[in-house]
Amino acid sequence: MDKNSLFHFLKKIEWRLVGKIAFVTLMLLWALGSDFAVIPVILFVLAPTIAYFSESPERRHFRASYFIMCIVALLGTMMTGGSEGVSFSSLLIIAIFAVGIAIEIGLFHFYFRSRMLVYGVFHIALMVALFSVFFVAQLSLLSVLFILISLILLFREFFALANVQWRGRALLMSVALGFFGTEIALLVRFMPLGFVNASAFLGLTMLLVRDAGRAHFEGALNLPFILRSLAVFFILSVVIFSVSVWGI
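Notes on the nonpolar core
Piece 1. Counting residues in hydrophobic clusters, the biggest one holds 63 residues, and the most contacted among them are F97, I101 and F131.
Piece 2. Every element with two or more residues in this core is listed here: α2 (15–33), α3 (38–53), α4 (63–80), α5 (88–108), α6 (115–136), α7 (141–161), α8 (167–189) and α9 (195–218).
Piece 3. Ranked by residues supplied to this core, first place goes to α6 with 10 residues.
Piece 4. If sequence neighbours within four positions are ignored, F131 has contacts with I147, L151, G181, A185, S199, L202, G203 and M206.

What follows is the structure in structure tokens.
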């Protein structure tokens, strides 16, 4: 790459957005390094909030996924921090979180040509991360309520972005799918799959029921769609269960 090409590339970079991503990520890294002392955690809570409200009004369409992602990242680093407060897993979570922030801001600004496709993949990836935290955390009423409310909000956001005209029906569908996902998560939790395979299985399940819900609203939920979805579910489920280490 010659100097002119390099200069042109650097000029195209949105340095203001890069600064926001770095700011939020460094606050989470500081919280991790301080073993989650009160002040660093408070500053991390403020950092993504400030970054969010400094964006364009388009941000409101992604409010649920944005803040749920921040909560999941914080909980994930708390669970994976080593004895000194830092581990490879926690650093990996922070790196993935930085990518997630970049994707969210890219969605705010219409940076992606296939915006709904990118959001759809991000939406399921966030659910997988949510399930991972749920499976690692201790089972309690709070953890069940957290995953239930998060799923309802994420499904509601997805149907809104999919331009579902019936808002009341979309809300009812979101609540129904949220309860369904929570019940399946509780069932899978007692299976010896390991949290990675369990999260992948739940992500696959939520992907298929989410797309079935969207097809229902679009009038495309027919027998070929159902059979195709069941075939995908069966094949991928067999793969997930076959690579799991079973034991009591």
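And the narrative resumes.
So, the environment of A200
Piece 1. Secondary-structure assignment places A200 in helix α9.
Piece 2. In sequence terms A200 and G100 are 100 residues apart; their C-alpha atoms lie 18 Å from each other.

Considering α7
One turn of an α-helix holds 3.6 residues; hence residues three or four places apart share an orientation.
Piece 1. Given a rise of 1.5 Å per residue, 21 residues ought to cover 30 Å, and the 30 Å separating the end C-alpha atoms of α7 matches this to within 8%.
Piece 2. Just past α7, the residue N163 takes up positive phi, approximately 60°.

Considerations on the packing of α4 against α6
Piece 1. Where α4 contacts α6, the two axes come as close as 10 Å, and the packing angle between them is 35°. Handedness of the α4/α6 crossing: left-handed. Between α4 and α6, the contacting residues are S65, I68, M69, V72, L75, G76 and M79 on the first element and Y119, F122, L126, A129, L130, V133 and V136 on the second.
Piece 2. Across the contact of α4 with α6, the residue classes break down as 12 nonpolar, 2 polar and no charged.

Observations regarding the environment of T49
Piece 1. By secondary structure assignment, the location of T49 is in helix α3.
Piece 2. Each C-alpha atom of the pair T49 and F217 lies 33 Å from the other, and the pair is 168 residues apart in sequence.

Here we look at a positive patch on the surface
Piece 1. Together, R60, R63, R156 and R167 line one region of the surface with positive charge.
Piece 2. Along the polypeptide, R156 turns up in helix α7.

With respect to a nonpolar patch on the surface
Piece 1. A cluster of nonpolar side chains, W30, V38, I39, I42, L43, L46 and I50, forms an exposed patch at the surface whose accessible area comes to about 680 Å².
Piece 2. The leading source of residues in the nonpolar patch is α3, at 6 residues.
Piece 3. Mapped onto the elements of the fold, I42 is located in helix α3.
Piece 4. Given a relative accessible area of 45%, I42 falls into the partly exposed group.

A word on the pattern of salt bridges
Piece 1. In total, this model carries 4 salt bridges according to the counting rule given.
Piece 2. The closest approach of N and O atoms between E55 and K20, which form a salt bridge, is 2.6 Å. Of this pair, E55 sits in the loop between α3 and α4 while K20 sits in helix α2, and the two are 35 residues apart along the sequence. Here E55 matches K20 in class, with each residue buried.
Piece 3. Note that E58 is salt-bridged to R115, the shortest N-O span being 2.7 Å. Taken as a pair, E58 in the loop between α3 and α4 and R115 in helix α6 lie far apart in primary sequence, 57 residues in all.

Concerning the side chain of S150
Piece 1. Mapped onto the fold, S150 is located in helix α7.
Piece 2. Given the relative accessible area of 4%, S150 is considered buried.
Piece 3. Apart from the residues within four sequence positions on either side, S150 is in contact with I68 and L130.

Here we look at the confidence of the model for the protein
Piece 1. Overall, the prediction assigns the protein a mean pLDDT of 86, with 90% of residues at 70 or greater.
Piece 2. Confidence, expressed as mean pLDDT per element, reaches its minimum in the protein at helix α1 (residues 3–12) with 44 and its maximum at α7 with 95.
Piece 3. Counting interchain partners and residues more than four positions distant, the pLDDT-below-50 stretch residues 5–12 has 2 contacts.

Some points on the packing of aromatic side chains
Piece 1. If you walk through the whole model with that rule in mind, you get 16 aromatic pairs.
Piece 2. Measuring from ring centre to ring centre gives 6.3 Å for Y119 and F158, while their planes differ by 15°; the resulting arrangement is stacked. A residue pair is termed long-range when its members are at least 10 positions apart, and Y119 in helix α6 and F158 in helix α7 qualify at 39 residues.
Piece 3. On the basis of relative accessibility, which here comes to 1%, the residue Y119 falls in the buried class.

Definitions and cut-offs
- Residues numbered from 1 in each chain as written.
- Predicted model: local features only at pLDDT ≥ 70, side-chain atom pairs only at ≥ 80, totals over all residues.
- Heavy atoms only, no water.
- Core = buried A, V, L, I, M, F, W, Y, C linked by side-chain atoms within 4.5 Å.
- Buried < 20%, exposed > 50% of the residue type's maximum accessible area, 1.4 Å probe, protein only.
- Helix = DSSP H or I, 4+ residues; strand = E, 2+ residues; numbered from the N terminus.
- Contact = heavy atoms within 4.5 Å.
- Expected span 1.5 Å × (residues − 1).
- Axes fitted to C-alpha atoms, helices over the stretch in contact; angles between N-to-C directions.
- Left-handed = near helix turned anticlockwise from the far one by under 90°.
- Nonpolar A, V, L, I, M, F, W, Y, C, P; charged D, E, K, R; others polar.
- Patch = residues over 30% accessible without salt bridge, like charges linked within 9 Å, V, L, I, M, F, W, Y side chains within 5 Å.
- Areas by Shrake-Rupley, 256 points an atom, 1.4 Å probe, with all protein chains shown as cover.
- Salt bridge = Lys/Arg side-chain N within 4 Å of Asp/Glu carboxyl O.
- Lys, Arg positive; Asp, Glu negative; His and termini not counted.
- Charge placed at Lys NZ, Arg CZ, Asp CG, Glu CD.
- pLDDT = per-residue confidence, 0-100.
- Phe/Tyr/Trp six-rings, centres within 6.5 Å; stacked < 30°, edge-to-face > 60°.

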